[in-house]
Every structure is written in C-alpha cells, then in structure tokens.
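# Overview (structure and organization)
The chain contents come next:
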Amino acid sequence: MKRIHLFLFFFFVTVNQIVAQQIDSMMMEYELNLPIEKVHLHFDKNIYNKDETIFYKGYIRTGNDPSQLSKNLYVEWYDTTGRLIKQTVSPVFQSSAKGSFELPTGFSGNFVQVKAYTSWMLNHDTDFIFKKDILINSPVVVSAKLTAPVDLKTTVQTFPEGGMAVAGVPSRFAFRATNPYGEPVKIRGTLVDSKMKKVDTIITRHDGMGIFSFTPVVNEIYQLNWIDEKGKKGTTIIEKPKTEGIVLQVQGGNEEATVKIQRSGNVPANWKKLNLWIHQHQSLYYKVSINVSEKTAVTATIPIDQLPTGILQFTLFSEDFLPIAERILFVNNREHEFNVRVTFPLVNLEKRGKNIVEFFVSDTSAANLSVAITDFSLNTPETQTIFSDLLLSGDIKGKIHNPAYYLMSDSDSVTANLDLVLLTHGWRRFNWDKLKAGVAPTVTYPAEQSFIKLQGKVFGLKPNMSAAPPQLNLIVSGKDSSKQFYFAPINKDGSFEVSDMFFYDTAKVYYSFNSGNKLTDVTQVRLDNGLLRYQPGKRSISDRNPITPFADSILRARMTAIFNEQERLRKMMEAATLQEVVVKTKVKSPIQILEEKYTSGLFSGGDGYSFDVGEDGKIMGAIDILTFLQGRVAGLMISGTGANATMNWRGATPDLFLNEVRSELGVVQSISIQDIAYVKVFRPPFFGSGGGGAGGAIAIYTKRGQDTRKADPNAKGMEYAILGGYSRFKEFALPPYDRPETSFDPDNRSTLLWNPYVLTNKKSPRVKLTYYNNDFSKKLLLVLEGMNSQGKLVRVVKPIDPSVQD
C-alpha cells in the first residue's frame, strides 16, 4: 500500500511540474511572439482655437524599450458626438512619428477625441490604446438643450483586494465613486450588516476612491449606505463573502514588497501548497512556493528595487496551478528616466523678440526629443504625460482621472493614492486557462515592419503565358511629380509585393509586364497600399462630459480673446484687394524661385538650409560642394579633402542626393561648382532617405536650361491605379523675423516653437534652437518630452520670462 501512495505522490508532483513548465514556456512565447506595444502622443499644447493646427509627436514603446515592431502610426480623430472625422497615418522613425491635424471648417464641438495605435496593438485589447480628449475653444452659441442641467447619478463600486473576500478572514476593500462620465465624486457613509449595525465608516480619500476593512461573517450580507457631494443618498451591496478561500494582500515599499496570504480553515487540499508568480510585461521575474498546510497566514518579502518601473503583477495559484487571486503593484525606482538640461542663453519677450533655448543631454545614449513653447497663460494642468501613458495607463483598464498626477511625485500620499487606482481598476492579464492548455498567441494583425507595402495580385495569369518568369515594372508618381521605380516578381499564385515604399497623399502607380503588353491585355491587376483601411461612419463615444468641458473660465476667456483677434485678422486678409496680393507675389526671393524650379516631393520645403550656389559660389570661390558648405551649416562637420573627405552631423553621416536621386560622395565631389545651381541641407531626420536620414541630407541640383520638368516617357501608355499614402501634414514654420526688410501681418500665434525631432547623441549632446515671440506674450512655457535609445523617458516643464536665464 505504501508503494501505491508513493507512486501517486510522484505522479501528482510530476503533473504539477509539467503544468508549471507549460505555463512558464507559454509566457515566454507570448513575450517573444506577442509583445505589448504602447503609444504616447505629445501635443504642442492642451487647448486650441478651432482654426488652429494641432501638432503632435508619437512615441512607441515595447516593454521597456523603444519599439522596433511597427513602421506606421495611426491616429483617429473623432468629434464631440463620437463621429470619426479623419484617420491619419504617419511613418515611424526611431520609434516615433510626427503629424498634424486641421479641424474641419464649421467644427463647433468642445473637444476632439484622439486615438492612436499601431496595427500590432490591435492584437491586444483595444482598451489599452492611447486615448485623449483635446479641448477646442469654439466661441459659438450652444443650444439650450446641451446646456440644460443634467442630473448625473453617482455610482459606487467595491473591490476586494486580491479579488476575493472570505468569511472569517480580515479583508480590505477599495471603493470608487463616479458619475456616468467616469468623473470622481466625493462620498461619505457607513458599512452596515443585514441588521443595519455599523461595521465601519467610509469617506473618499482621493478622487472618489477610498478604503475600508473588516472581517466578514459567514452568511452575512453587507452594504454601503452613502451620501454624495450633492446630498444624494445611495446604497451599494457588497458581494457576499466566500465561505472558504484565500485573501492576497500586497504592500509596496522602496526596496521590498510585502505579501500577506491568509486562508480560511476549510480550504481544499490543493489550496494548501501555493505558487506565487510575479511578472511584468509578460516576463516572469519570481516564482515563490508557499506552504500554508500548517498555518492560516504567511507573510513574505519580495525584492523589487532592481525591477523596471511599471505595473508588477502578483498571481497566486493553487498547487495544481488554478489561479486563486491576483494583485498589481506599481514599482517606481526612477530607473525609467534620463535628464535633459534646458537653458535659455537669450530671452527677449519684447514684441517679436529673438530667443534661444539650449538642450544638453549628458547621457551617452541617443535621445529623441520633442519640444513646445507656448503662451504661459494657456497653461493647463497636464492630465496625461509620457510617463503616465507608457508606464501606467497603457496597462490599466477603465478611465483614470488625471493619471499624470500619480507620477509627478514620490511622496507617501501620492503613492498611497496610486495604490487606490490599482485596487479599483482592471489591468492587462493573462488567460491562464489558455496558457495551461498550450494555446499559442493569435496574431491577427502582423507587425508592419515596412513603410508602405505595395501588395497586389494578377488575375487571369496562366502557366506558360510568358517565356520568362513574369515581373511587374512599377512607376510610382506622386502628386508632387516625384517618381520612384520598382520591379516586382510575380509569384505562382499571381501575388506580388514591394516593401518600404514612401509617398504622401496619393500617387499614381503605373505598371507593365516585363514581357510587354501581351499579358496586360489578358490579365487584371489589383493593388493595395498595405495600410489599415479608413472606416467611414466609425464611432467612438468619449467618456468626457460634453456639457462642462471647460472648468477654467479665465483660460477660456484668454483663448476667446486670442480667437477673436485671429478672426479679425483673417477677415482683414480676406478683404485685401487683388492689387495688394499681386504686389506681395512680386517679391519672391531668388531662393523661392529656385525652390519652385528644382525641388519636388519630400525635397520641397522642409526644415533646413537653402543656398543659391550660382551666386554664392562665385563669392566664395569654392572648388567643390564640400568646400562650399564648410562653415555654413551649424553642426555639419566636414573634414579632409578629396578621397579623404568625411561628413558628420549629430553623430551620423548625411545622405547625398543629386537631382533628388541617391548619390555618393565621390560623384558629387566630381561635379564642378559652376554646374550646381541650388543646394538644400535638411536637418536630421530626413524622411526622404530610405534608412531614416539620421544624419540629415544634402540635396544638390545641377543647372537646367528650362523651368518646366520633362514628363517621364517611361509611363506613356502604361496602365495605372491610384493609391493612398501617408497623410500630408503641415510643417510648423517660424516667422522669418531675421529679415528686417520683410513686412509681416500682426502675430497672434499661441505656439511659438514646435520641434518634433530634437536629436542628440554621444558626439552631439547639445542642441540650440531659435524662436521668436509673438506680439502679446509676456511669459512662456516650455514642455519637453522624449525617449532615448535605451527606452528611458524624460519630461521637462519650465516657465520662460526675462528672470529665467542660465
């Protein structure tokens, strides 16, 4: 009989070990094959007048690192009623993307709802994609129906710590009181039993949340009797406690987390030997075996000081790995941050005064930053930051009121309030049944690791129709006359694809077969850009209260004053005579003429330097393009001559383009300076470069005899399809106040500087930017956010006035 018992014991231990190995293995598979991406958007400000442009920069993170999964970022814009206005898509560079949005004419809502995500993020619960409501100041008459008082009913929810309350075991409950829009409501009241005997007193501690504790009695029913801040009374029934079970409690500290496990006296045998697994971002950090056979309460300490900042999950399993209880804790050891020193070498807040701001990053890792400088009076408390979105909200279900608050301080009160959020909200969690069953992760949306991927299929293609393997010749012609040439081999099933195409707006894709028109006449070709499709009619109901979006009446008055002045100027300009317009068009500079004559596509406009070489080359007496550029572009380092010449800009080598075609240094050096008409130098990053343009780019244009561009004869007679590309965005432009001979209209800009790509690295840790004041601001606000190559984050907020000078 003993041998049989020993065999059974060995069998069950082995089975449990196998189950543990299975879950462990599946967690690793999910971490590897279904990693979690998160997105944060940094906007140039938090509130806009309806005719202003919304500028933004997106940051994408996977786990604790910059994401390398996705090359495309999607942003959806919804009006106040939840109707989808527009979907925009941007290319991703260094785990980030930039863009802008113009509100449609006649927009009259109080806010727009913004959602941002990558295609890969749709493989996970869409509750975790980026969401934010952007306040819009629309000074219009609002209907009486909208402004009528509404009775917002208060709802109170209760949450037992660990997910379970057990009779006879001391239990801790959190509660959350909200209105229908998820806004916090203050309440106070009592916890009573079925005989209305008072058990405990409750009162909100922070933003509608609080805690109460008691030891439930078997078969007793409890309820909260409460009264809210408006005097309305209510009752919330507490879920009936279990007659047997286990309570999991976790308390965080600076270096350790204290875990307390308490059970009732009558639990099943498989609940007396427990397994506590501690994990983050689908990565398992600790496995703890806990024996409560002889004890009903056990306390353990878990070191957390070396763990990454973010949500840490505690999952308690039975001996045979049935999940019993779960709890989350926020670990904040400040290892997620890096520093950027911001100084102001020149502060001039006189009308249109010139200002200089300097950024210095001592960290040797490459940093990718975005910076906005705006009128200080428009400053509103930021409810979402790069910290809160990527470290907190991206893992929490449900609306968090003012999530930025919880990561602005390490004080005990803020930490305790953050724990209330964790106790009262859902979170990302595994489906443990699937992991035990070995169900592999499902990928419905493959990672978009290419820019625009031209995908297509040839219908009607039959075997032996062509002597050689069929191939498509493709010419992608953009609206701006830019052209790209590709060759696409056709697979046996007729499919073909071309990766890493890059164009904005729409383009005509001309195609022909390598065997001539024979196949064209008997086949049909269908093309697709490989991007997620826009869904007209899509709706998203915001949880923001549309009746009272503006809590700050002074702020709204300030915005309205700026709006009224902008409207006055707009009407004044509309009333300008044709003669005035004609006079303005006569003063095109030589650079503007060269720009129109030579550039196209991504080379048109942009952020950089422009040189009229035909004029400047004679003055300087340069012998080639490198000697011409030496000392003329801040930050561009050119050393050596001839074959030994090298270029460096912010730690990378600029890409070279000859007449907008990629070229090599030796080729452009061989061109006589007398044959060059125009040179443009683009600051990093330059999106026209296939590799991302981390070192910027230099575009060289040789002289032409005529102003018009010749039509491409290769596309004559070819079939074509029209495809959509990346959304066309507006570039933030600084007024050229450094040209004293130029006259300007009144300046009522509220955003004075927006630069979505301030890049630093070990060789170039310092960047200076110049900007100009408007006609009215006396105090400004700088907001900087960013991420470095190690996935660390930064946020800097600084006021700017004449007294702030370093």
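What you are looking at is a predicted structure, and each value in this text was computed from that prediction instead of being measured.

## Things to note about the overall build of the protein
When its secondary structure is counted, the protein shows 12 helices and 44 strands. By the burial criterion, 51% of the 806 residues in the protein qualify as buried. By element, 52% of the accessible surface of the protein is carried by carbon and sulfur atoms, the whole surface being about 38700 Å².

## Digging into the packing of aromatic side chains
Tallying each qualifying case throughout the model produces 33 aromatic pairs. Measuring from centroid to centroid gives 4.2 Å for tryptophan 77 and phenylalanine 101, while their planes differ by 5°, and the two rings are stacked. Here phenylalanine 101 lies in strand 7 (residues 96-102) and tryptophan 77 lies in strand 5 (residues 72-78), a separation of 24 residues in the sequence. Across the pair, phenylalanine 101 and tryptophan 77 agree in class, each one buried. Pairwise contacts between aromatic rings join Tyr30, Trp277, Phe317, Phe321, Phe430 and Trp432 into one cluster.

## Quick word on helix 4 (residues 412-424)
End to end, helix 4 covers 19 Å across 13 residues, agreeing with the expected 18 Å (1.5 Å per residue, within 8%). Listed in full, the buried residues belonging to helix 4 are Val414, Asn417, Leu418, Asp419, Leu420, Val421, Leu422, Leu423 and Thr424. Check the buried side of helix 4 and you find it contacts strand 10 (155-160), strand 11 (171-178), strand 14 (209-214), strand 22 (310-317) and strand 23 (323-331).

## As for the side chain of aspartate 419
With respect to the helices, strands and loops of the structure, aspartate 419 is situated in helix 4. Look at aspartate 419 and you get buried, because its relative accessible area is 15%. If near-sequence neighbours (up to four positions away) are discounted, aspartate 419 is found in contact with Arg172, Arg327 and Leu329.

## Some words on helix 9 (residues 590-598)
Turning to helix 9, its buried residues are Leu594, Glu595, Lys597 and Tyr598. Where the residues of helix 9 are buried, they touch strand 33 (608-612), strand 38 (676-682) and strand 39 (697-702).

## Regarding the pairing of strand 13 (residues 198-203)
Consecutive residues of a regular strand have side chains that alternate between opposite faces of the sheet. By the bridge criterion, 5 bridges tie strand 12 (residues 187-192) to strand 13 in an arrangement that is antiparallel. Residue threonine 190 lies in a different strand from strand 13, and its bridge partner there is threonine 201. Two successive antiparallel strands, strand 12 and strand 13, enclose a turn made up of 5 residues, where methionine 196 displays a positive phi of approximately 65°.

## A look at the sheet that holds strand 13
The strand order 13-12-15-16 describes an open sheet built from 4 strands, whose pairing is antiparallel. The open sheet has two edge strands, strand 13 and strand 16 (233-237), and neither has a second partner. Here the strands of the sheet are splayed against their neighbours by 20° on average, with no regard to which way each runs. Here 5 bridges tie strand 15 (residues 223-228) to strand 16, and the two strands are oriented antiparallel to one another. Bridge pairing in strand 16 links tryptophan 226 to glycine 234.

## Focus: the nonpolar core
Among the nonpolar cores identified, the biggest contains 57 residues, and Leu41, Phe43, Ile54, Trp77, Val112, Leu472 and Leu474 are the most heavily contacted of them. Residues contacting tryptophan 77, with those up to four places away along its chain left out, are Phe43, Ile54, Tyr56, Arg83, Leu84, Ile85, Lys86, Thr88, Phe101, Val112, Gln113 and Val114. With 28 residues, the next largest nonpolar core counts Met164, Ile278, Ile304 and Ile324 among its residues.

## Quick notes on the side chain of histidine 206
Along the polypeptide, histidine 206 turns up in the loop between strand 13 and strand 14. Judged by relative accessible area, which is 15%, histidine 206 ranks as buried. Among the polar contacts listed, one links the side chain of histidine 206 to the side chain of aspartate 207, at a separation of 3.3 Å. A distance of 3.3 Å separates polar atoms of two side chains, one belonging to histidine 206 and the other to tyrosine 406.

## With respect to the pattern of salt bridges
Summed over all chains, the structure comprises 22 salt bridges. Note that arginine 327 and glutamate 161 form a salt bridge whose closest N and O atoms lie 2.7 Å from each other. Taken together, the residues span a long stretch of sequence, with arginine 327 in strand 23 and glutamate 161 in the loop between strand 10 and strand 11 at a distance of 166 residues. Of the two residues, arginine 327 and glutamate 161, both sit in the buried class. One salt bridge in this structure joins arginine 749 and aspartate 747, with 2.9 Å as the shortest N-O distance. The burial state of arginine 749 is the same as that of aspartate 747; both residues are buried.

## Notes on the confidence of the model for the protein
When pLDDT drops low, the exact placement of atoms in the prediction is not to be read closely. Chain-level statistics for the protein give a pLDDT mean of 84 and a share of 83% at 70 or above. Per-residue pLDDT stays below 50 along residues 706-712; that stretch engages in 10 contacts with residues further than four places along the chain or on separate chains.

## Let's talk about the pairing of strand 1 (residues 37-43)
For strand 1, a buried count of 7 out of 7 residues is recorded, marking the element as mostly surrounded by other parts of the structure. Side-chain alternation along strand 1 places Glu37, Val39, Leu41 and Phe43 on one buried face and Lys38, His40 and His42 on a second face that is also buried. With 7 bridges joining them, strand 1 and strand 3 (residues 53-62) adopt antiparallel strand pairing. Looking at strand 3, one finds that phenylalanine 43 is bridged to tyrosine 56.

## So, the sheet that holds strand 5
One open sheet holds the 5 strands; their spatial order is 2-9-8-5-6, and the pairing between them is mixed. Bordering the open sheet on either side are strand 2 (47-49) and strand 6 (84-91), each of which pairs with just one other strand. Pairs of neighbouring strands in the sheet enclose a mean axial angle of 25°, with direction left out of account.

## Quick word on the environment of glutamate 595
Positionally, glutamate 595 belongs in helix 9. Measuring from C-alpha to C-alpha, the distance between glutamate 595 and lysine 680 comes to 9.2 Å, with 85 residues separating the pair along the chain. Glutamate 595 has contacts with Phe603, Ser604, Gly605, Tyr678 and Lys680, leaving out every residue within four places of it along the chain.

## Some words on the environment of proline 746
With respect to the helices and strands, the residue proline 746 is situated in the loop between strand 40 (719-724) and strand 41 (751-760). Owing to a relative accessible area of 34%, proline 746 belongs among the partly exposed residues under this scheme. On a C-alpha basis, the gap between proline 746 and aspartate 775 in space is 7.0 Å, while along the polypeptide they are 29 residues apart.

## Here's the deal with the environment of lysine 273
By the element assignment, lysine 273 lies in strand 19 (residues 273-280). On a C-alpha basis, the gap between lysine 273 and glutamate 319 in space is 5.2 Å, while along the polypeptide they are 46 residues apart. Excluding anything up to four places from it in sequence, lysine 273 contacts Ile290, Asn291, Ser293, Ser318 and Glu319.

## Here's the deal with unusual backbone geometry
Note that the residue after proline 684, namely proline 685, is joined by a cis bond; omega there is -5°. Looking at the secondary structure, you find proline 685 in the loop between strand 38 and strand 39. Backbone geometry at methionine 196 places phi at a positive 65°, although glycine is not the residue there. Looking at the secondary structure, you find methionine 196 in the loop between strand 12 and strand 13. The residue asparagine 219 is not glycine, and still its phi comes out positive at about 65°. Relative to the helices and strands, asparagine 219 resides in the loop between strand 14 and strand 15. On the accessibility criterion, asparagine 219 (55% relative accessible area) is exposed.

Cut-offs applied
Residues numbered from 1 in each chain as written. Predicted model: local features only at pLDDT ≥ 70, side-chain atom pairs only at ≥ 80, totals over all residues. Heavy atoms only, no water. Helix = DSSP H or I, 4+ residues; strand = E, 2+ residues; numbered from the N terminus. Buried < 20%, exposed > 50% of the residue type's maximum accessible area, 1.4 Å probe, protein only. Areas by Shrake-Rupley, 256 points an atom, 1.4 Å probe, with all protein chains shown as cover. Phe/Tyr/Trp six-rings, centres within 6.5 Å; stacked < 30°, edge-to-face > 60°. Expected span 1.5 Å × (residues − 1). Contact = heavy atoms within 4.5 Å. Pairing = 2+ DSSP bridges. Axes fitted to C-alpha atoms, helices over the stretch in contact; angles between N-to-C directions. Core = buried A, V, L, I, M, F, W, Y, C linked by side-chain atoms within 4.5 Å. Polar contact = N/O pair within 3.5 Å; in protein donor to acceptor, adjacent residues only side chain to side chain. Salt bridge = Lys/Arg side-chain N within 4 Å of Asp/Glu carboxyl O. pLDDT = per-residue confidence, 0-100.

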